[in-house]
Protein chains: 2
Amino acid sequence: MPPFDESAGPVLDLLRQTPLVRDTRGASLQRQLHQRIRDAILDGRLPSGCRLPGSRTLATALGISRNSVTAVYELLGAEGYIALSRQGTRVSTLDRPAERTRGREARQAAAPELARRAARVRDSLLNAGQDLPFRPGVPALARFPLSAWRNCLDRAVRRVGTAGLWYGDPQGEPALRAAIMRHLAVARGVRCEPDRIVITEGAQEALSLCVRLVTNPGDKAWIEDPGYRGARTAMLCGDLDIVPMRVDEQGLRIPDEAWAAHTPRLVYVSPSHQYPTGAVLTAARRLDLIGQAQRYGAWIVEDDYDSEYRHAGELVGAMQGLVPNAPVLYVGTFSKTLFPSLRLGFLVLPETLAAQAGPLLKESLRGGHRFEQLALAEFIESGQFSRHLGRMRRLYKRRQDALRAALKRYLDVPHVVAGGNSGMHLTIKLPADCSDVRIAQAARALEMAPMPLSRFASCPLPEDTGLVLGYGNTSESSFVPLVQKLASLIRDDLRLGHA
Amino acid sequence: MPPFDESAGPVLDLLRQTPLVRDTRGASLQRQLHQRIRDAILDGRLPSGCRLPGSRTLATALGISRNSVTAVYELLGAEGYIALSRQGTRVSTLDRPAERTRGREARQAAAPELARRAARVRDSLLNAGQDLPFRPGVPALARFPLSAWRNCLDRAVRRVGTAGLWYGDPQGEPALRAAIMRHLAVARGVRCEPDRIVITEGAQEALSLCVRLVTNPGDKAWIEDPGYRGARTAMLCGDLDIVPMRVDEQGLRIPDEAWAAHTPRLVYVSPSHQYPTGAVLTAARRLDLIGQAQRYGAWIVEDDYDSEYRHAGELVGAMQGLVPNAPVLYVGTFSKTLFPSLRLGFLVLPETLAAQAGPLLKESLRGGHRFEQLALAEFIESGQFSRHLGRMRRLYKRRQDALRAALKRYLDVPHVVAGGNSGMHLTIKLPADCSDVRIAQAARALEMAPMPLSRFASCPLPEDTGLVLGYGNTSESSFVPLVQKLASLIRDDLRLGHA
């Protein structure tokens, strides 16, 4: 292609077609000029080899300083759009726009789809963009001692100052890890040292970290069915071969032959309060699970998401501390005990794993949220955390009682309320001839967010028809009208099913 | 096994060997008793079938209320450790401890090692647990307007109240996404709508998300060599086949034949300020990269980590906005522009991908940090962010000038200072006969944290010997003594190499 033989005239006209403006958002004249020339080069109005006006000429034509033009030319030169030589400033030879258009067409023909791991994730209706009654997993936000918390934060900021703006330890603040260790030992019977604790972005990051640390793509992972969808998502993203295991009133039920037939690398379990059925894994099953995992070289991921809120009897202890050196990765979160948007959770690693995990943790975690972590350490150590837990335990007990009473009185359809001695949700099982998904969708329109039980199951059975009802963030007095509305929706749906 | 035929005597003695204590941390008498009985069952002192004393007897013997004992028995019953029947309370049949011991031995024999993906990650010396001079990637923490930031936070708390404790939108606060969109359009030429922005836990989560969204295990991913280790880690964790591509003074250099020979699914690039060499990817290479990616169905991950800090000329624009519908996933972070422990970054998805990514985003992200996100939205929209950037740009320019001057005067070993018209670090290349790792380690002992350039390379060449020197968080007056110490270390190392 011969060089475009231009006089300064047409190029100058092109470049001053629209006057440059000073705008209020700080886009300077230089930036505008740079963008104008670059765009003209990219769309072919200034073709390869085209000579640009001298900086003095252009500056005069545009009414800006010569320095500005020089700076823009230098930048365009650094970016490779133009070349500066003794013969003047010329547009470089670039991939032609026509070529680029063809490229786009080629791409449209073979547009790469979403990754398989991403495409396998189905929407659960779980994460509605709003906080509505019955949404599981939300604590009593209005009862959180926000100003006491803010005081802890302020003290952390005053104490640490701008040093707290730095990344911090990739595993999290040592003071917080020590506080968590002491709390877990007393409240959950978890045995560990602070260097085995990793502070994470809520439980979800902890689960992803478990997958990264101990699994390879294609490894078998057992999950509870029905069970927590976040665990399933973490495993899908880690390309695991997911084997759902049914849950009964005693928690995760593992057929003996499964160990040899589908030997897992990872077993996910929520033993203290199975999510969403509320079952407590019996001692016999806990010991069997640990023993078999040891025999078959599997790791257990224990998700202890809300077991601090046990309403009847004492707390159920964690599996982690049940026998020495149990092959358990223990996952906890402050989303339920404090508040969800805090996004602080943690992972307690088994000793052998902690010793090997250093490089991955250092290279993939960045610490951060130091003021929040230090505030939380103080909140725990000062006893405010325990007192808050006590208050919330009593509150959730009252709320659960109120919800149970409302269900008993107003839910005039056949149903069973599944195990609920802890936590912030109840699961009701419904007749298999209604559609829990349809009911949940209809409820959404009435500003309620119960979750369809069937969406927690990998292969939903008829008995997985039901609703998961969070009661943590709903005041006791609201349950009667809410349950009445819900009952009416379920009756309508049953009629629809029978029609 | 015949039932253990005990009188109440020995069991009572066992259970009251040590008196129960009231401790200050809230471990109640019930909890202690529960743990004591459970442990005795687990370690075999109370074998299967053993009858426990009646609740009244035990309560009297221990000096506690009968209700407490009943509650503990109920819990142990719920957990399956004991069975309550008309014949009294007996220990259930459980997996024997001897069995468990054998299990542990079996496990030790076949202890599962770390996952391959985790084991492939090598420690870089990058994430020292301390903030030391020369550590790359740390902005001027003491110059951050912490009290102005705290004011924004306070206003967000007052405005939103306890509603801000809820999870929030999985993609992040809409107000923040709108503010980022407006800022990016003006400052970086990025074209997008807020619904294509995902707020992430810093750039690292954004990179992991890119891998999850568009790659399958075994896919080829191209990275810059030398290049940012965090990108490599994200790809290792996604089980990608990593193909390192060399970087020269014009940035990422891709041999033409590579597209067909090693067709990538993902190309990672830091075009505006290559990390760590500082090169700017030329316009010709940008256009070629976009065109080829379109032809071969590859996605480009553009990491724009610190390009707001360009010292010479105007800002270099982002690749994302270079042509319409470029197949670019744009990654940004506020770790360099505000402060690292804020842990807020973002990902701008291409339109086609954004439309498909919904389920994965909703199921794997949890929103959170709402007050911080709303504070940041205000910080941007009120113009404080731009002003802060302007101040920091001038500061880093001064600091870079001071470091360059100190290097010129006091670094009396052969070296080259590589491209540094932006950002917060300079890279110096050193003679291949010294060991940059050894020098970096020696520097650590002197409280400095320069990073060895060779550790940024997948397959280090002799020319990758050097040091990456962060200057963002070091005052101008410190560079002379620091460089003098560094020069002495390098001289020592060269002598060692020659000896």
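This is a predicted model, so every value here is computed, not measured.

(A) The arrangement of the overall build of chain A in detail. Check the secondary structure of chain A and you find 17 helices and 15 strands. Split into buried and exposed, the 499 residues of chain A put 63% on the buried side. Looking at chain A alone, contacts between residues at least 24 apart form 73% of all its contacts between residues at least 6 apart. Taken as a whole, chain A presents about 18300 Å² of accessible surface, with 51% of it coming from carbon and sulfur. The centroid of the 65 positive side-chain charges in chain A is displaced by 5 Å from the centroid of its 52 negative side-chain charges.

(B) Structural detail: empty space enclosed by the protein. Going through the model one piece at a time under the given rule, you end up with twelve cavities of 30 Å³ or more. For the largest cavity, the calculated volume is near 640 Å³. If you go around the largest cavity, you meet 36 residues; those closest to its centre are Glu201 and Glu205 of chain A together with Glu201, Glu205 and Leu365 of chain B. Residue assignment for the lining of the largest cavity shows that the elements contributing at least two residues are β4 (197–200) and α9 (202–214) of chain A together with β4 (197–200) and α9 (202–214) of chain B. Its residues placed into classes, the lining of the largest cavity shows ten nonpolar, 15 polar and eleven charged.

(C) Summary view of the sheet that holds strand β5 (residues 220–225) of chain A. Residue and element names in this part refer to chain A. The strand order across the open sheet formed by eight strands is β4-β11-β10-β9-β8-β5-β6-β7, and the pairing between neighbours is mixed. Edge strands, defined here as strands with exactly one partner in the open sheet, are β4 and β7 (251–252). Examined bridge by bridge, β4 and strand β11 (residues 345–348) share four bridges and lie antiparallel to one another. Looking at the pairing, Ile199 lines up with Phe346 of β11. Of the strands in this sheet, β4, β8 (266–269), β9 (299–303), β10 (328–333) and β11 touch α9, which is tilted by about 160° from β10.

(D) Summary view of the packing of helix α7 (residues 146–160) of chain A against helix α7 (residues 146–160) of chain B. At their nearest, the axes of α7 of chain A and α7 of chain B sit 13 Å apart, and the two run at 175° to each other. Looking at the two axes, α7 of chain A sits roughly antiparallel to α7 of chain B. Between α7 of chain A, through Leu146, Arg150, Leu153, Asp154 and Val157 of chain A, and α7 of chain B, the contact on the second element is made entirely by Leu146, Arg150, Leu153, Asp154 and Val157 of chain B. Considering only residue class, the contact of α7 of chain A with α7 of chain B consists of six nonpolar, no polar and four charged.

(E) Local environment of the packing of aromatic side chains. All told, the structure shown has 31 aromatic pairs over all chains when counted by the stated rule. Ring plane angle 25° and centroid distance 5.8 Å describe the contact between Trp259 of chain A and Tyr296 of chain A, whose orientation is recorded as stacked. Taken together, the residues span a long stretch of sequence, with Trp259 of chain A in helix α11 (residues 258–261) and Tyr296 of chain A in helix α12 (residues 283–296) at a distance of 37 residues. Judged by its relative accessible area of 0%, Trp259 of chain A falls in the buried class. Between Phe144 of chain B and Trp149 of chain B, the aromatic rings sit 6.4 Å apart at their centres with planes inclined by 65°, giving edge-to-face as the arrangement. Neither Phe144 of chain B nor Trp149 of chain B differs from the other in exposure class; each is buried. Through a chain of ring-to-ring contacts, three or more aromatic side chains come together here, namely Phe144, Trp149, Phe339 and Phe379 of chain A.

(F) Molecular detail of the packing of helix α3 (residues 55–62) of chain A against helix α4 (residues 66–79) of chain A. Residues and elements named next belong to chain A. Contact geometry for α3 and α4: axes closest at 8 Å, N-to-C directions at 120°. Comparing their axes, α4 and α3 come out oblique. Every pair of crossing elements has a handedness; the one defined by α3 and α4 is right-handed. Seen from α3, the contacting residues are Ser55, Arg56, Leu58 and Ala59; seen from α4, they are Arg66, Val69, Thr70 and Tyr73. When the residues that make up the contact of α3 with α4 are grouped by side-chain class, the tally is four nonpolar, two polar and two charged.

(G) Layout of the interface of chain B and chain A. Every contact between the two is made by 121 residues of chain B and, on the other side, 121 residues of chain A. Summing both partners gives a buried area of about 11200 Å² for chain B against chain A, and 55% of it is carried by carbon and sulfur. At the junction of chain B with chain A, the criterion picks out four salt bridges. A salt bridge links Arg229 of chain A to Glu363 of chain B, with the shortest nitrogen-to-oxygen separation between them at 3.1 Å.

(H) Main features of the side chain of Arg399 of chain B. Residue and element names in this part refer to chain B. Tracing the chain through its elements places Arg399 in helix α15 (residues 384–410). Of the residues examined, Arg399 reaches a relative accessible area of 5% and is grouped as buried. Among the polar contacts listed, one links the side chain of Arg399 to the side chain of Glu476, at a separation of 3.2 Å.

(I) Molecular detail of the pattern of salt bridges. All names here are of chain A. For the coordinates displayed, the defined rule picks out 44 salt bridges over all chains. Where Arg491 meets Asp412, a salt bridge forms, and the shortest distance between an N and an O atom there is 2.7 Å. Note that Arg491 is positioned in helix α17 (residues 479–498) and Asp412 in the loop between α15 (384–410) and β12 (416–418), a separation of 79 residues in sequence. Classification of Arg491 as partly exposed rests on a relative accessible area of 30%. Sharing partners across several salt bridges, the network here consists of Asp225, Arg246, Glu463 and Asp464.

(J) How the structure looks around the relation of the copies chain B and chain A. When chain B is brought onto chain A, the operation consists of a screw motion whose angular component is 180° and whose axial shift is 0.0 Å, with 0.1 Å RMSD remaining. Such values leave the two copies arranged in the relation of a two-fold axis. Looking at chain B, 100% of its interface residues are interface residues in chain A too, so the copies touch through the same face.

(K) Molecular detail of the nonpolar core. The biggest cluster of nonpolar side chains holds 231 residues, and the ones touching the most others in it are Leu46 of chain A together with Leu46 of chain B. Counting residues per element, this core draws most heavily on α15 of chain A, at nine residues. Leave out the neighbours within four places in its chain, and Leu46 of chain B touches Val11, Leu14, Leu15, Ile37, Ala40, Ile41, Leu52 and Val91 of chain B. If you look at the next biggest cluster of nonpolar residues, it comprises 71 residues, including Val331 of chain A together with Leu213, Cys237 and Tyr268 of chain B.

(L) Representation of the sheet that holds strand β1 (residues 51–52) of chain A in the model. All names here are of chain A. Ordered in space as β1-β3-β2, the three strands form an open sheet in which the pairing is antiparallel. Each edge of the open sheet carries a strand with a single partner, namely β1 and β2 (82–85). Across two bridges, the pairing between β1 and strand β3 (residues 88–91) is antiparallel. Counterpart to Arg51 in the pairing with β3 is Arg90. Sheet strands touched by α4: β1, β2 and β3. Its angle to β2, the strand with the most contacts, is close to 115°.

(M) The arrangement of helix α2 (residues 29–42) of chain B in detail. All names here are of chain B. For α2, built from 14 residues, the straight-helix expectation of 20 Å at 1.5 Å per residue is met to within 8% by its first-to-last C-alpha distance of 20 Å. In terms of burial, α2 is a largely internal element, eleven of the 14 residues being buried. Every buried residue of α2 is listed here: Leu29, Arg31, Gln32, Leu33, His34, Arg36, Ile37, Arg38, Ala40, Ile41 and Leu42. Among the residues trailing α2, Gly44 stands out with phi positive, at a value near 90°.

Here is what the cut-offs are and how they apply
- Residues numbered from 1 in each chain as written.
- Chains lettered and ligands numbered in written order.
- Predicted model: local features only at pLDDT ≥ 70, side-chain atom pairs only at ≥ 80, totals over all residues.
- Heavy atoms only, no water.
- Helix = DSSP H or I, 4+ residues; strand = E, 2+ residues; numbered from the N terminus.
- Buried < 20%, exposed > 50% of the residue type's maximum accessible area, 1.4 Å probe, protein only.
- Contact = heavy atoms within 4.5 Å.
- Areas by Shrake-Rupley, 256 points an atom, 1.4 Å probe, with all protein chains shown as cover.
- Lys, Arg positive; Asp, Glu negative; His and termini not counted.
- Charge placed at Lys NZ, Arg CZ, Asp CG, Glu CD.
- 1 Å grid on protein atoms, 1.4 Å probe; cavity = no way out; pocket = protein on both sides within 12 Å on 5 of 7 lines; lining within 4 Å.
- Points joined across faces, edges and corners; volume = space filled by probe spheres on them.
- Nonpolar A, V, L, I, M, F, W, Y, C, P; charged D, E, K, R; others polar.
- Pairing = 2+ DSSP bridges.
- Axes fitted to C-alpha atoms, helices over the stretch in contact; angles between N-to-C directions.
- Parallel < 35°, antiparallel > 145°, perpendicular 65-115°, else oblique.
- Phe/Tyr/Trp six-rings, centres within 6.5 Å; stacked < 30°, edge-to-face > 60°.
- Left-handed = near helix turned anticlockwise from the far one by under 90°.
- Buried area = accessible area lost by both parts, 1.4 Å probe.
- Salt bridge = Lys/Arg side-chain N within 4 Å of Asp/Glu carboxyl O.
- Polar contact = N/O pair within 3.5 Å; in protein donor to acceptor, adjacent residues only side chain to side chain.
- Least-squares fit on C-alpha atoms with pLDDT ≥ 70 in both.
- Core = buried A, V, L, I, M, F, W, Y, C linked by side-chain atoms within 4.5 Å.
- Expected span 1.5 Å × (residues − 1).

Coordinates in, geometry out; function isn't part of it.
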